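Fold and contact review
What follows is each chain in one-letter form.
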Amino acid sequence: MSEELAQGPKESPPAPRAGPREVWKKGGRLLSVLLAVNVLLLACTLISGGAFNKVAVYDTDVFALLTAMMLLATLWILFYLLRTVRCPCAVPYRDAHAGPIWLRGGLVLFGICTLIMDVFKTGYYSSFFECQSAIKILHPLIQAVFVIIQTYFLWVSAKDCVHVHLDLTCSSHSNASHARLISDQHADNPVGGDSCLCSTAVCQIFQQGYFYLYPFNIEYSLFASTMLYVMWKNVGRFLASTPGHSHTPTPVSLFRETFFAGPVLGLLLFVVGLAVFIIYEVQVSGDGSRTRQALVIYYSFNIVCLGLTTLVSLSGSIIYRFDRRAMDHHKNPTRTLDVALLMGAALGQYAISYYSIVAVVAGTPQDLLAGLNLTHALLMIAQHTFQNMFIIESLHRGPPGAEPHSTHPKEPCQDLTFTNLDALHTLSACPPNPGLVSPSPSDQREAVAIVSTPRSQWRRQCLKDISLFLLLCNVILWIMPAFGARPHFSNTVEVDFYGYSLWAVIVNICLPFGIFYRMHAVSSLLEVYVLS
């Protein structure tokens, strides 16, 4: 022992060198991020530069950039589908959490609406072809082709974990995601001046058609960007399936194992909300008394809806206090992105609400409309907070049951889910003649039986009702602002306090985040319903 003390502490063994795969993750992903950021900044410069009449930047320049980016993205998608995935070691395994059916279904739905919008936009610009640039007609046509190809690509490849052409694949995923976001920022408004007049009835129909369909294009772009980001995170990724957390997808039935209270109440609020929205749109453009009446009806409905969703979200979080399911802390890029989007998108509505609170409290007069506005802003903050708590905790809940504790050592590559046997030969840790790994009899014996008690069944039904109720409420809360409800400007409290220019900047920056939050909450709540 004295000799050991004299020699001092032994040196720790050298840390293992990072493999080529890890080196790529640090270098290749950094390169793709820098490339995508530069493309995004270039597009933002063109869009913001066109906002000033004295700057010689026109909407045709933005259309040209978007068209070029969509053509490049389309060429890469075709290369990926026809060349990359056909390599023997291209997709060794797939991420079961990526691209769920409701996300892909929403992508297809919004994609169809985008195609209809492109038809209206093409008809609109073709109505006065003589005084228009050809790029304005070419852009919606190329966008339609791009939407069709990209939707098919995301439908069949959203779960892929690509292991070939890593730099090209990662950069293309990142750039395609930013291309969709750039398309969102450009709302097809003539930013550099437009001498063409839409005077015919057919032209006005086309104009109104693509104006009302544009929110669906925004949602399509956001859905596609979300799925492309997950694909980008999965490039070069190794997946390990944990027996305690693997499950077989089951068919989704919206009203199965529920008390029907949530769906019925949610549908009732949805129908009432549509009626309130129609009344608001008809009366808000009238004289002062009709505008005030429309605002009172609008705020009253939103206060009731936000109050109920806040209480229901809080009750769902309380139910989880008695849930015995363990929290799932496994790495899941899809879930991490969902949480980040929920928290980030909520900041937009937080900002509008706090600006409204300051304007109402510090401004005058203090009347009924001001009180409704203040209550609406406070409930909006509470609703976003408690709903996020409920959704995030739901997404982190593991499936019913307990994790098995294995006592025997595992072989290399065990618990990896492979879809391509040829790709296994490229992994040094795997045996020379690998096969698909299936649960052994001992693993099956270690599985813990799930006993469904009446109390757990009651909790599951309550959570399903809560999820469906919140889902339907978020749909109507998305429809109202997405299709033109702007009480922020009809109610002059904030306009008088901050001035129209400053208040318009605040609303136009923050409101799109609030609109996206509602639709993303809908997709997350549908996943919560399935997991319940």
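Residues numbered from 1 in each chain as written. Predicted model: local features only at pLDDT ≥ 70, side-chain atom pairs only at ≥ 80, totals over all residues. Heavy atoms only, no water.

Moving on to the overall build of the chain. Along its length, the chain carries 16 helices and two strands. The burial tally for the chain puts 50% of its 532 residues in the buried class. Sequence separation of at least 24 residues holds for 88% of the intrachain contacts in the chain that already meet a minimum separation of 6. For the chain, the computed accessible surface area is about 26,700 Å², with 67% contributed by carbon and sulfur atoms. (Helix = DSSP H or I, 4+ residues; strand = E, 2+ residues; numbered from the N terminus. Buried < 20%, exposed > 50% of the residue type's maximum accessible area, 1.4 Å probe, protein only. Contact = heavy atoms within 4.5 Å. Areas by Shrake-Rupley, 256 points an atom, 1.4 Å probe, with all protein chains shown as cover.)

Quick look at the packing of helix 4 (residues 101-126) against helix 5 (residues 134-157) now. It is the contact of helix 4 with helix 5, at a shortest axis distance of 9 Å, that shows an interaxial angle of 165°. As summarised for this structure, helix 4 and helix 5 are arranged roughly antiparallel, according to the angle between their axes. Crossing hand, helix 4 versus helix 5: left-handed. Partitioned by chemical class, the residues of the contact of helix 4 with helix 5 number 14 nonpolar, eight polar and four charged. (Axes fitted to C-alpha atoms, helices over the stretch in contact; angles between N-to-C directions. Parallel < 35°, antiparallel > 145°, perpendicular 65-115°, else oblique. Left-handed = near helix turned anticlockwise from the far one by under 90°. Nonpolar A, V, L, I, M, F, W, Y, C, P; charged D, E, K, R; others polar.)

As a further point, take the nonpolar core. Ranked by size, the top nonpolar core spans 107 residues in total, and within it F153, L154, F390, I391, W478 and M480 carry the most contacts. The greatest single-element share of this core, amounting to 15 residues, is contributed by helix 13 (residues 454-482). Once residues lying within four places of it in the same chain are set aside, the contact partners of L154 are R104, L107, A224, M227, L228 and M231. (Core = buried A, V, L, I, M, F, W, Y, C linked by side-chain atoms within 4.5 Å.)

Counting across every chain of the model gives two salt bridges. The partner of E393 in a salt bridge is R321, with the nearest N and O atoms 2.4 Å apart. Of this pair, E393 sits in helix 11 (residues 368-395) while R321 sits in the loop between helix 9 (288-320) and helix 10 (333-362), placing them 72 residues apart in sequence. Looking at E393, the relative accessible area reads 12%, which means it is buried. (Salt bridge = Lys/Arg side-chain N within 4 Å of Asp/Glu carboxyl O.)

With that out of the way, let us pick up the packing of aromatic side chains. Enumeration according to the criterion identifies 20 aromatic pairs in this entry. Residues Y124 and Y125 carry aromatic rings whose centres are separated by 5.0 Å and whose planes lie at 55° to one another, so their mutual orientation is tilted. Each member of the pair, Y124 as well as Y125, carries the same accessibility label: buried. Between the aromatic rings of Y280 and Y298, the centroid separation amounts to 4.9 Å while the plane-to-plane angle is 40°, which identifies the pairing as tilted. Here Y280, found in helix 8 (residues 261-283), pairs with Y298, found in helix 9; they are 18 residues apart in sequence, far enough to count as distant. The burial state of Y280 is the same as that of Y298; both residues are buried. Between the NZ or CZ atom of K464 and the centre of the ring of Y529, over which it lies, the distance is 4.3 Å. (Phe/Tyr/Trp six-rings, centres within 6.5 Å; stacked < 30°, edge-to-face > 60°. Lys NZ or Arg CZ within 6 Å of the ring centre and 35° of its normal.)

Attention shifts here to the environment of V62. Note on placement: V62 falls in helix 3 (residues 59-82). For the pair V62 and A43, spaced 19 residues apart in sequence, the C-alpha to C-alpha distance is 7.2 Å.

Mean pLDDT for the chain: 75, with 68% of residues reaching 70 or above. Every residue in residues 8-16 is under pLDDT 50, and counting partners more than four places away or in other chains gives zero contacts. Between residues 187-193, whose pLDDT stays under 50, and residues either more than four places distant or in other chains, the model counts 17 contacts. (pLDDT = per-residue confidence, 0-100.)

The next point concerns empty space enclosed by the protein. In this structure the tally under the stated criterion is five cavities of 30 Å³ or more. Volume-wise, the largest cavity comes out at about 290 Å³. Lining the largest cavity are 25 residues, and of these Y298, Q349, H376, M380 and H488 sit closest to its centre. Among the secondary structure elements, those contributing two or more residues to the lining of the largest cavity are helix 9, helix 10, helix 11, helix 13, helix 14 (487-490) and helix 16 (500-531). The element contributing the most residues to the lining of the largest cavity is helix 16, with six residues. A per-class count over the lining of the largest cavity returns 14 nonpolar, nine polar and two charged. Its volume calculated, the second largest cavity comes out at about 110 Å³. Looking at the second largest cavity, the residues that line it are P100, W102, L103, F223, T226, T334, D338, F516, H520, S523, S524 and E527. Of all the elements in the fold, those that place two or more residues in the lining of the second largest cavity are helix 4, helix 7 (201-234), helix 10 and helix 16. Among the elements that take part in the lining of the second largest cavity, helix 16 stands out by supplying five residues, more than any other. (1 Å grid on protein atoms, 1.4 Å probe; cavity = no way out; pocket = protein on both sides within 12 Å on 5 of 7 lines; lining within 4 Å. Points joined across faces, edges and corners; volume = space filled by probe spheres on them.)

So, on to a nonpolar patch on the surface. Taken together, the side chains of L265, L268, V272, V304 and L308 define a hydrophobic patch exposed on the protein surface, amounting to about 380 Å² of accessible area. When contributions to the nonpolar patch are tallied by element, the ones reaching two or more residues are helix 8 and helix 9. For the nonpolar patch, the element with the most residues is helix 8, which contributes three residues. (Patch = residues over 30% accessible without salt bridge, like charges linked within 9 Å, V, L, I, M, F, W, Y side chains within 5 Å.)

Time to look at the side chain of D338. Note that D338 resides in helix 10. Judged by relative accessible area, D338 falls into the buried class, the value being 9%. Once residues within four sequence positions are removed from consideration, D338 is found in contact with L395, H520 and E527.

It is worth spelling out the packing of helix 5 against helix 7 at this point. The relative placement of two packed helices is expressed as an angle between their axes plus a distance between the axes. At a minimum axis separation of 11 Å, helix 5 and helix 7 run at an interaxial angle of 40°. Viewed along their axes, helix 5 and helix 7 adopt a mutual orientation that is oblique. In the packing of helix 5 onto helix 7, the handedness of the crossing is left-handed. Listed contacts from helix 7 to Q143, V147, Q150, T151, F153, L154 and S157 of helix 5 are N217, Y220, A224, M227, L228 and M231. Residues of the contact of helix 5 with helix 7, tallied by class, amount to eight nonpolar, five polar and no charged.

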